[in-house]
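Each chain, letter by letter, is given below.
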Amino acid sequence: MLRADYTNPNATLQLSGFGGQINAVAPTATATAHRSAVVYALFENFWISPAEDATHLGWLRDVYSQTFQGTGGYPVPNEQTDGCYINNPDPDIVDASINKSGAPFSTLYYGNNYPRLRKVKARWDPGNVFRHSQSVALP
């Protein structure tokens, strides 16, 4: 975040308090498995011109990969980190050249809840109408 070769007043790291009643719910009670975190970190970057995409995405990828370099560039669920939050979908999470953690997006987003969510998907969306590149897959 202190790189001298990059300037953007709209590049941020937002740290929000987590815990409390959020952590009072069991990790398997809902789709959201992240119930042991005390801080939620959101790396954000905003710009207008598509011509600047490579510069700003490069900075963001660099910061993220350095922050989580010990786990392949992503916050793999362990004693220190608790995965990724699905409400901030990340297109890089499915790219093995960027996400070198070895953990699939389903583990990073849903932890151990993914098999159960696949069953829910089969019951409520058997035609796979509601989908995107990181959707819960049908069993």
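Okay, so let's go over this structure. (Residues numbered from 1 in each chain as written. Predicted model: local features only at pLDDT ≥ 70, side-chain atom pairs only at ≥ 80, totals over all residues. Heavy atoms only, no water.)

1. Structural notes on the overall build of the protein chain
Regarding its fold elements, the protein chain presents 3 helices and 2 strands. With the C-alpha coordinates aligned to their principal axes, the bounding extent of the protein chain is approximately 50 × 35 × 25 Å. Split into buried and exposed, the 139 residues of the protein chain put 32% on the buried side. In the protein chain, the share of contacts with a sequence separation of at least 24, taken over all contacts with a separation of at least 6, comes to 51%. As displayed, the protein chain offers around 8,800 Å² of accessible surface, 57% of which is attributable to carbon and sulfur atoms. Both charge centroids of the protein chain, one from 10 positive and one from 11 negative side chains, sit 15 Å from each other. (Helix = DSSP H or I, 4+ residues; strand = E, 2+ residues; numbered from the N terminus. Buried < 20%, exposed > 50% of the residue type's maximum accessible area, 1.4 Å probe, protein only. Contact = heavy atoms within 4.5 Å. Areas by Shrake-Rupley, 256 points an atom, 1.4 Å probe, with all protein chains shown as cover. Lys, Arg positive; Asp, Glu negative; His and termini not counted. Charge placed at Lys NZ, Arg CZ, Asp CG, Glu CD.)

2. Here's the deal with the side chain of Arg35
Along the polypeptide, Arg35 turns up in the loop between β1 (11-17) and β2 (39-45). The charged side chain of Arg35 is buried without a salt bridge, its nearest counter-charge being Asp82 at 7.9 Å. At 3.2 Å, the side chain of Arg35 and the backbone oxygen of Thr32 are in polar contact. Ignoring sequence-local partners within four residues, the contact set of Arg35 consists of Ile22, Asn23, Val25, Ala26, Pro27, Thr30 and Asp82. (Salt bridge = Lys/Arg side-chain N within 4 Å of Asp/Glu carboxyl O. Polar contact = N/O pair within 3.5 Å; in protein donor to acceptor, adjacent residues only side chain to side chain.)

3. Quick look at helix α3 (residues 114-124)
Of all the residues in α3, the buried ones are Tyr114, Leu117 and Lys121. Along the axis of α3, the buried residues cluster in a sector spanning 55 degrees; they form a single face. Away from the buried face of α3 by more than 90 degrees, exposed residues Pro115, Lys119 and Arg123 are located. Against α2 (105-110) lie the buried residues of α3. (Arc of directions from axis to C-beta.)

4. Concerning a nonpolar patch on the surface
A grouping of Met1, Leu2, Leu13, Leu15, Val38 and Val39 is seen on the molecular surface, where their side chains present a nonpolar patch of about 650 Å² in accessible area. Relative to the elements of secondary structure, Met1 occurs in the segment before β1. (Patch = residues over 30% accessible without salt bridge, like charges linked within 9 Å, V, L, I, M, F, W, Y side chains within 5 Å.)

5. Topic: the nonpolar core
The biggest cluster of nonpolar side chains holds 20 residues, and the ones touching the most others in it are Cys84, Ile93 and Leu108. Of all the elements in the fold, those that place two or more residues in this core are α1 (53-67), α2 and α3. If we ignore the near neighbours within four places in the chain, the residues touching Leu108 are His34, Tyr74, Pro75, Val76, Pro77, Gly83, Cys84, Ile93, Asn99, Ser101 and Ala103. (Core = buried A, V, L, I, M, F, W, Y, C linked by side-chain atoms within 4.5 Å.)

6. Brief notes about unusual backbone geometry
Positive phi values are uncommon outside glycine, yet Asn128 reaches one of about 55 degrees. Mapped onto the secondary structure, Asn128 falls in the segment after α3. With a relative accessible area of 22%, Asn128 lands in the partly exposed category.

7. Notes on α1
For α1, with 15 residues, the first-to-last C-alpha span of 21 Å sits near the 21 Å given by 1.5 Å per residue. Check the buried side of α1 and you find it contacts β1 and β2. (Expected span 1.5 Å × (residues − 1).)

Read these as spatial facts, not as claims about activity.
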